[in-house]
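Chain by chain, the residues run as shown.
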Amino acid sequence: MVRVAALITFLACVVLSEALHEPGYCAFYEECGLNPSVGGTLIPPIVPCLNYSQARPILGDHYKKLQQVCPMLAQGEGNTFACCSIKQLNSLETSLTLSKAVLIRCPSCADNFAHLHCITTCSPNQSQIVKVTKVMNVTQLVGNPKEAVVGYQAFLTTNFADASFQSCKNVRIPATGGFAIATMCGRYGAKLCTPQRWFDFQGDSSNGLAPLDIDFQLMKEGDTTGVPEGVIPYNGRALGCNETTPSGGEACSCQDCQESCPSVPPPEPPTPPFTLLGIDGYLLISIILLCLLVLAFLTYLAACEKSKKVKDEEKGRRKKKSKDQNSNEIPQQAIHPSEVTCADKNSLAAQAFLSSLFRAWGTVMATYPLMVLLLSAVIVAVFAAGLKSIELTTDPVELWSAPNSRARQEKEFHDTHFDPFFRTNQLILTAPGREGYIYDSLLFGPQNFSGLVSKDLIIELLELQTRIQQIEFWSEDLNRTASLKDVCFAPLNPSNPSLTDCAVNSLPQYFQNSLDNINYSLKPTDSSAVVQKLHLSRHNLLFPFFHLLSSSPLSFKDITDLGMSCMADYGAPVFSFLAVGGYSNDDFTNAEAFIMTFSLNNYARSNPKFNVAMQWESEFLKIVQDYQKNPAANFTFAYMAERSLEDEINRTTAEDIPIFMISYAVIFVYIAVALGEYSSCKRILVDSKFLVGLGGILVVGCSVLSSMGFYSWIGIPSSLVILQVVPFLVLAVGADNIFIFVLEYQRDVRRPGEKREEQIGRVLGNVAPSMLLCSLSESVCFFLGALSTMPAVKSFALYAALAVLMDFVLQMTAFVALMSLDARRQDSNRCELLCCVKVGKERSNKPNEGFLLPFMRKFYAPVLLHRFTRVIVMLVFIIMLCGSLYLMFNVTVGLDQELAMPKGSYMLDYFQYLYKYFEVGAPVYFVTKKGFNFTSVEGMNAVCSSVGCDQFSLAQKIQYATNYPERSYLGIPANSWVDDFIDWLNPGSKCCRLYTLGPNAGNFCPANQCKTLYMKEDFINTYSVACLNSCISLRTQVHASRFMAYHTPLTNSQEFTAALLMARELADNITKGMRKIPGTSPDFEVFPYTVTNVFYEQYLTIVPEGLFSISLCLLPTFVVCCLLLGLDLRSGLLNLLTIIMIVVDTVGVMTLWGIDYNAVALINLVTAVGISVEFVSHMTRSFALSIKPTHVERAKEATANMGSAVFAGVAMTNLPGILVLAFAKAQLIQIFFFRLNLVITLLGMAHGLIFLPVLLSYFGM
């Protein structure tokens, strides 16, 4: 038997070696049967019979079939000869159809591909092109065994081969955004594919398509080395991709053929920095403004000196006239009547009117303290009862994105027509410290591999993935045990998924999550074997196979003897950028990180499955956290669940509550101690103001509770920002008013015959107008701030406005009553906490000025308002203003999401890994709304990117944008369901068409049976169900569709904002082009949607939004000040100017201290206006009502009397509480509450107690 086989082999070799290569002769003809050496192919591997004979004439149906399959060989019926039967043509057509499914987008490429195989199969001069190298006895389909060709050499010139390859190398697969050549070049992928490797793959019988082995010999023209005698390498003309085909096919589109691309100008470069005369424009403007202000001030000083000399001379003359007949001086008035202006008279009249009202009010409140306290408590209780229905907003979307904002409307539209973006649960794993290595591949040569790409690590990764996939838990919502399949995103089987249907993207998916597949190995056989068996190697199969899979993720069968698929077990490809990270230039083998992603359906919060998804994510976090603690784990990794952001923010808030409590306690202790008189050691317990301080804190707390309760009654939700900021704000306002009132009472002496209640009323009449001025300014300021469109700012402004107003009302009622009770106790010499205990020492009837007032009167005010000090102060603050203006234009706008996390949070590690290792950014969908005419050819051409499509279609414009990723922030072009649909319609592509409904359900549906189908109702019954769920929303017409691209990696809020802006510009450009298509609605629109848009849209408008909000807050500070000071415009303007300077300087210091400008900062800046009113308005009013003869003396009086109360009541109340916040864990609190509030308080104190007195001394009334 062995001898017989050897004899047959010898004879076959003799026959093959003696075969002739002559024109007009065939090397093989007709089908012989199935190739016994090939199995598991997509189509039957039918091989031809060895048959050296003349080419046959082609007539009748045979000729028609040749015209259909190989039109380049048709020379007219009767003049055409070929070496293939009609059966061979049918088999060739079937084989070409599968390849054309990915090449048909480019007709010239598909034509060249067919040209190649038609020449080798059917050419009448076949024997001059091919050399049979291997034959086998096979059983014919009908008949006896016969010699069949199972291998041959094909000789082609490099001109033809290169031209064919060039026409196909850029053809894309719209569904993936990748290149078709990647699926047709085997292990090399698109990047390493060459003409020779492309042809080698086509001739490899292990690729699942080729029925036999073809060894393509590419010969340079004129080179005959190794060419058998009589063989002439085929040198036909291959079409360029920008050429039309002889059968009428159009030139390939720009997306598939660079030569077809129109001349598209590059996008405009980003706006250059603002410059003047070659230097920073803002710096130059600030310097010029500084020079002008300094010059104006110095000029004003000179004018004042001259005016002062004139006035001194006038006073001298007046003094000479003011003598009687005996030359004795007549006493002069401190202020001459001519110096009293109308504004002065109005201010005094307004003060007298308001004082009389508040005096009467205060007397009544002090007379009936218990009744007042009872009524106040009832009113507060009624308001606070609304807290039972309080709604706390924690959803970031609801907090920072207005319901009517463009991003929210776009999100609502997208989520209504498509499923919301799925929930992401992800791990990014690295193995630091593992050395890389070089693998000497038989095919690729020496290849660098990172230490991460090793068999033991991939198996460990698979084990972790399996543990997570097998999570099970009891669900109260489902009343049964739930698992991943209950909530997972299963794109190919959404109705009834199994675990293998769940979308899990990871490297083990290249091996279908099979340990057996990972452990496979092969013995080296011949040159086609890809893997060597390395018995002791820990890497084994992974070296070449990893390269193959990452280069060609769409392969359903690799070209090795293993025959494994590269597709994930849930039926979709796993692209390299979703499985590995930390590589450069598509060098996947040097990846530094594995990426594992579990995608869950994003259910609405009202859906019971939302809770199930949250539970699954909790179990997911437990497993990965336990794994991280395992000392045997070889990975260092970061992780996150969709719920992680909200969880960490809530955890931080809970952990920082003690910090806020300590802060309030420190403030309370300070107020209680600072309000005491301490004139005698024996009277410490009598003169202390512990209960008054506690009462003041309670008043603040009751005002906050009343505000929150009232808005809860009417359905306006609260937020954590309100809980953290509003109490501080109201405490600053309330403490200031408390100090002003209490200190004024302590400095006052009861007049003879005056009752205690009358004294309290009189004191209240003196200070209440000032308290009204500040409280009313702040309240109106915040009410106007509620006009902001940003929900968090709006709700904060509403809560703060009512809280400030309620604080003033309770101070005028409950706190006055508390003061009356405390004064009664103090007059009775009773101890504060031990009311039954009396002390023998009587209270002194002298005013108690304490320490601060004398200090400021004797030392601080004289030094501050010294002639030279005033000039220095003005110059310093002018420099500060101009410097801050420059810095303000350089403040960073945005809020990086990691700042919302506490220090030490696992999410900080995740963000660090994300920015370091991810190679693409978030997906971005270009969504079309209803109103576009998809049913017309013009409409489809305006969207698609295939042959015949508009060169400036939707898909093409996105493609052009990806050519400039640094400007457009688009890294991967959009896939297009319209292109898939066009491929489905193309009769030349017979893949993937099945009836889904009707009597033919499950059967093949040829497109040529629906020639007018396009986008009509039949489309619903025939096109891909998966695409219907994810690409388009239609009923009887397309109501919405989307095209998915990918951003480049975005690492900070500035890049996210810029990406949003550029995507909108691109979408607007696309909209304008598509509206020109006949039948398109004028309100048709294309918009970009990314899941992060709702968070970053605010930064497109937050600068004008902030200017608007702060301007609205500044307006009432001017108006109310003018009105309550009797239309004193100058005082109102100086008051306004100082507050503006505080805000500007605050933004300048934000730039220096690295505090970004965002919605949280805007809330604090609005708060800064309110706190600045406390620092400024009391001083301005005190100065305006002073009756001292000169500006400087009036400024000294205001600084000593009111400045001491402001310093004790605002600055020293805020600072201790703010300093405590430095110990908070949350970075947001440290940056935007500690740093920013510290800056606001210090700048407010500096401007209110240093700059404003000097300013008033120069420019006051």
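This is a predicted model, so every value here is computed, not measured.

### Notes on the overall build of the chain
Link 1 in the chain: Within the chain one finds 38 helices and 27 strands.
Link 2 in the chain: Burial statistics for the chain: of 1261 residues in total, 55% are counted as buried.
Link 3 in the chain: Surface accessibility of the chain: about 54,000 Å² in total, with carbon and sulfur atoms responsible for 60%.

### Comments concerning the packing of helix α20 (residues 720-747) against helix α36 (residues 1159-1185)
Link 1 in the chain: Put simply, α20 and α36 touch, their axes get as near as 11 Å, and they point 0 degrees apart. The pairing of α20 with α36 is recorded here as roughly parallel in orientation. Taken together, the residues of α36 that come into contact with α20 (itself represented by Val721, Val725, Leu729, Ala732, Val733, Asp736, Asn737 and Ile740) are Ile1163, Thr1167, Ile1171, Glu1174 and His1178.
Link 2 in the chain: Across the contact of α20 with α36, the residue classes break down as eight nonpolar, three polar and two charged.

### Digging into the pairing of strand β17 (residues 480-483)
Link 1 in the chain: Of the strand pairs in this sheet, strand β16 (residues 472-475) and β17 are connected by four bridges, and their pairing is antiparallel. In the sheet register, glutamate 472 faces β17, and the bridge partner there is serine 483.
Link 2 in the chain: Between β16 and β17, which pair antiparallel one after the other, the connecting turn spans four residues, and asparagine 479 there sits at a positive phi close to 60 degrees.

### Focus on α36
Link 1 in the chain: Look at α36: 39 Å from first C-alpha to last across 27 residues, which is about the 39 Å you get at 1.5 Å a residue.
Link 2 in the chain: At valine 1173, α36 shows its largest kink, close to 30 degrees.
Link 3 in the chain: In terms of residue burial, α36 counts as a mostly covered element, since 27 of its 27 residues are buried.
Link 4 in the chain: Of the residues flanking the start of α36, the one acting as N-cap is asparagine 1158, its side-chain oxygen 3.1 Å from the backbone nitrogen of valine 1160.

### A look at the nonpolar core
Link 1 in the chain: Judged by nonpolar contacts, the single largest core of 155 residues is most densely connected at Trp400, Val726, Phe741, Phe782, Phe796 and Phe1232.
Link 2 in the chain: Looking at which element gives the most residues to this core, the answer is helix α22 (residues 791-827), with 20 residues.
Link 3 in the chain: The residues touching tryptophan 400, leaving out its near neighbours within four places in the chain, are Val721, Met790, Pro791, Ala792, Gln1098, Ala1159, Val1160 and Ile1163.
Link 4 in the chain: Within the second largest apolar cluster, 75 residues are counted, among which are Val574, Ala579, Ala593 and Phe918.

### Some thoughts on the packing of aromatic side chains
Link 1 in the chain: Within the structure shown, the criterion is met by 44 aromatic pairs.
Link 2 in the chain: Taken together, a centroid distance of 4.9 Å and an interplanar angle of 40 degrees make the contact between tyrosine 711 and tyrosine 799 tilted. Of this pair, tyrosine 711 sits in helix α19 (residues 690-713) while tyrosine 799 sits in helix α22, placing them 88 residues apart in sequence. Accessibility assignment for this pair places tyrosine 711 and tyrosine 799 in one class, buried.
Link 3 in the chain: Feature note: the residues Phe113, Phe165, Trp198, Phe199 and Phe216 constitute an aromatic cluster, connected by ring pairs.
Link 4 in the chain: The residue whose ring lies beneath arginine 56 is tyrosine 29, and the NZ or CZ to ring-centre distance is 3.9 Å.

### Thoughts on the packing of helix α21 (residues 756-785) against α36
Link 1 in the chain: Interaxial distance between α21 and α36 falls to 9 Å at its minimum, and their mutual angle equals 155 degrees. Here α36 runs roughly antiparallel to α21, going by the angle between their axes. In this structure, the crossing between α21 and α36 has a hand that is right-handed. When α21 is examined against α36, the residues Asn766, Pro769, Ser770, Met771, Leu773, Cys774, Ser777, Glu778, Cys781 and Phe782 are found in contact with a partner set consisting of Val1166, Thr1167, Val1169, Gly1170, Val1173, Glu1174, Ser1177, His1178 and Arg1181.
Link 2 in the chain: For the contact of α21 with α36, the residue count by class is nine nonpolar, seven polar and three charged.

### Regarding unusual backbone geometry
Link 1 in the chain: Even without being glycine, glutamate 30 reaches a positive phi, approximately 70 degrees.
Link 2 in the chain: In this structure, glutamate 30 sits in strand β1 (residues 25-34).
Link 3 in the chain: With relative accessibility at 26%, the residue glutamate 30 sits in the partly exposed group.
Link 4 in the chain: The phi dihedral of asparagine 513 falls on the positive side, at around 55 degrees, and the residue is not glycine.
Link 5 in the chain: Summarising the element assignment, asparagine 513 is placed in the loop between β18 (504-505) and α13 (515-519).
Link 6 in the chain: With relative accessibility at 17%, the residue asparagine 513 sits in the buried group.

### Structural notes on the state of the cysteines
Link 1 in the chain: Applying the stated rule across the entire model yields eleven disulfides.
Link 2 in the chain: The side chain of cysteine 106 participates in a disulfide bridge whose partner is cysteine 252; the two sulfur atoms lie 1.7 Å from each other. Judged by the torsion about the S-S bond (70 degrees), the cysteine 106/cysteine 252 disulfide is right-handed. A residue pair is termed long-range when its members are at least 10 positions apart, and cysteine 106 in the loop between α3 (86-103) and α4 (107-122) and cysteine 252 in the loop between β9 (213-219) and β10 (275-276) qualify at 146 residues.
Link 3 in the chain: What makes cysteine 106 buried here is its relative accessible area of 0%.
Link 4 in the chain: For cysteine 944, the disulfide goes to cysteine 949, at an S-S distance of 1.7 Å. With the S-S dihedral at roughly -110 degrees, the linkage between cysteine 944 and cysteine 949 falls on the left-handed side.

### Remarks on the confidence of the model for the chain
Link 1 in the chain: When the pLDDT values of the chain are averaged, the result is 81; 84% of them are 70 or greater.
Link 2 in the chain: Across the chain, the element-wise mean pLDDT spans from 38 in helix α30 (residues 1018-1022) up to 95 in strand β27 (residues 1086-1089).
Link 3 in the chain: This stretch, residues 1-17, has a pLDDT under 50; its non-local contacts, to residues over four places away or in other chains, come to nine contacts.
Link 4 in the chain: For residues 521-541, every residue scores under 50 in pLDDT, and the model assigns this stretch 42 contacts once sequence neighbours within four places are set aside.

### Brief notes about the side chain of lysine 65
Link 1 in the chain: Among the structural elements, lysine 65 can be located in helix α2 (residues 60-69).
Link 2 in the chain: With residues up to four places along the chain from it excluded, the contact list for lysine 65 reads Ile86, Leu89, Asn90 and Glu93.

### So, the pattern of salt bridges
Link 1 in the chain: What the rule picks out here adds up to 21 salt bridges.
Link 2 in the chain: Ionic pairing is found between arginine 480 and aspartate 486, a salt bridge with its closest N-O pair at 2.8 Å.
Link 3 in the chain: Exposure remark for arginine 480: the relative accessible area of 36% places this residue in the partly exposed category.
Link 4 in the chain: Under the relative-accessibility criterion, aspartate 486 is labelled buried at 10%.
Link 5 in the chain: With its nearest N and O atoms 3.9 Å apart, the salt bridge here joins arginine 756 to glutamate 757.
Link 6 in the chain: When its relative accessible area of 17% is taken as the criterion, arginine 756 is described as buried.
Link 7 in the chain: With relative accessibility at 16%, the residue glutamate 757 sits in the buried group.

### Quick word on the environment of alanine 238
Link 1 in the chain: Relative to the assigned elements, alanine 238 resides in the loop between β9 and β10.
Link 2 in the chain: For alanine 238, a relative accessible area of 10% translates into the label buried.
Link 3 in the chain: For alanine 238, the contacting residues outside a window of four places in its chain are Asn112, Phe160, Ala163 and Ser164.

### Focus on the environment of leucine 59
Link 1 in the chain: Inspection of the secondary structure assignment puts leucine 59 in the loop between β3 (56-57) and α2.
Link 2 in the chain: Separated by 19 residues in sequence, leucine 59 and glycine 78 place their C-alpha atoms 6.4 Å apart.
Link 3 in the chain: Contacts of leucine 59, omitting those with residues within four sequence positions, involve Glu77 and Gly78.

### Regarding a nonpolar patch on the surface
Link 1 in the chain: A cluster of nonpolar side chains, contributed by Phe274, Leu276, Leu277 and Ile285, occupies part of the molecular surface with about 390 Å² of accessible area.
Link 2 in the chain: Note that isoleucine 285 resides in helix α7 (residues 281-321).
Link 3 in the chain: Residue isoleucine 285 is classed as partly exposed on the basis of its relative accessible area of 41%.

### Focus: the side chain of asparagine 1135
Link 1 in the chain: Inspection of the secondary structure assignment puts asparagine 1135 in helix α35 (residues 1129-1152).
Link 2 in the chain: With a relative accessible area of 0%, asparagine 1135 lands in the buried category.
Link 3 in the chain: Sequence-distant contacts of asparagine 1135, that is, excluding residues within four places in its chain, are made with Thr1117, Cys1121, Val1176, Ser1177 and Thr1180.

### Examining the environment of leucine 1252
Link 1 in the chain: Note that leucine 1252 resides in helix α38 (residues 1227-1259).
Link 2 in the chain: Residue class for leucine 1252 comes out buried when judged on its relative accessible area of 0%.
Link 3 in the chain: Separated by 53 residues in sequence, leucine 1252 and threonine 1199 place their C-alpha atoms 9.2 Å apart.
Link 4 in the chain: Beyond its immediate sequence surroundings of up to four residues, leucine 1252 is in contact with Thr1138, Val1176, Met1179, Thr1180 and His1247.

### With respect to helix α12 (residues 455-469)
Link 1 in the chain: Spanning 15 residues, α12 covers 21 Å between terminal C-alpha atoms, matching the ideal 21 Å at 1.5 Å per step.
Link 2 in the chain: The buried fraction of α12 is high, at eleven of 15 residues.
Link 3 in the chain: When we look at burial in α12, the residues that qualify are Lys455, Leu457, Ile458, Ile459, Glu460, Leu461, Leu462, Leu464, Gln465, Ile468 and Gln469.

Procedures and definitions
- Residues numbered from 1 in each chain as written.
- Predicted model: local features only at pLDDT ≥ 70, side-chain atom pairs only at ≥ 80, totals over all residues.
- Heavy atoms only, no water.
- Helix = DSSP H or I, 4+ residues; strand = E, 2+ residues; numbered from the N terminus.
- Buried < 20%, exposed > 50% of the residue type's maximum accessible area, 1.4 Å probe, protein only.
- Areas by Shrake-Rupley, 256 points an atom, 1.4 Å probe, with all protein chains shown as cover.
- Axes fitted to C-alpha atoms, helices over the stretch in contact; angles between N-to-C directions.
- Parallel < 35°, antiparallel > 145°, perpendicular 65-115°, else oblique.
- Contact = heavy atoms within 4.5 Å.
- Nonpolar A, V, L, I, M, F, W, Y, C, P; charged D, E, K, R; others polar.
- Pairing = 2+ DSSP bridges.
- Expected span 1.5 Å × (residues − 1).
- Bend = angle between axes of the 7 residues up to and from the residue.
- Polar contact = N/O pair within 3.5 Å; in protein donor to acceptor, adjacent residues only side chain to side chain.
- Core = buried A, V, L, I, M, F, W, Y, C linked by side-chain atoms within 4.5 Å.
- Phe/Tyr/Trp six-rings, centres within 6.5 Å; stacked < 30°, edge-to-face > 60°.
- Lys NZ or Arg CZ within 6 Å of the ring centre and 35° of its normal.
- Left-handed = near helix turned anticlockwise from the far one by under 90°.
- Disulfide = S-S within 2.5 Å.
- pLDDT = per-residue confidence, 0-100.
- Salt bridge = Lys/Arg side-chain N within 4 Å of Asp/Glu carboxyl O.
- Patch = residues over 30% accessible without salt bridge, like charges linked within 9 Å, V, L, I, M, F, W, Y side chains within 5 Å.

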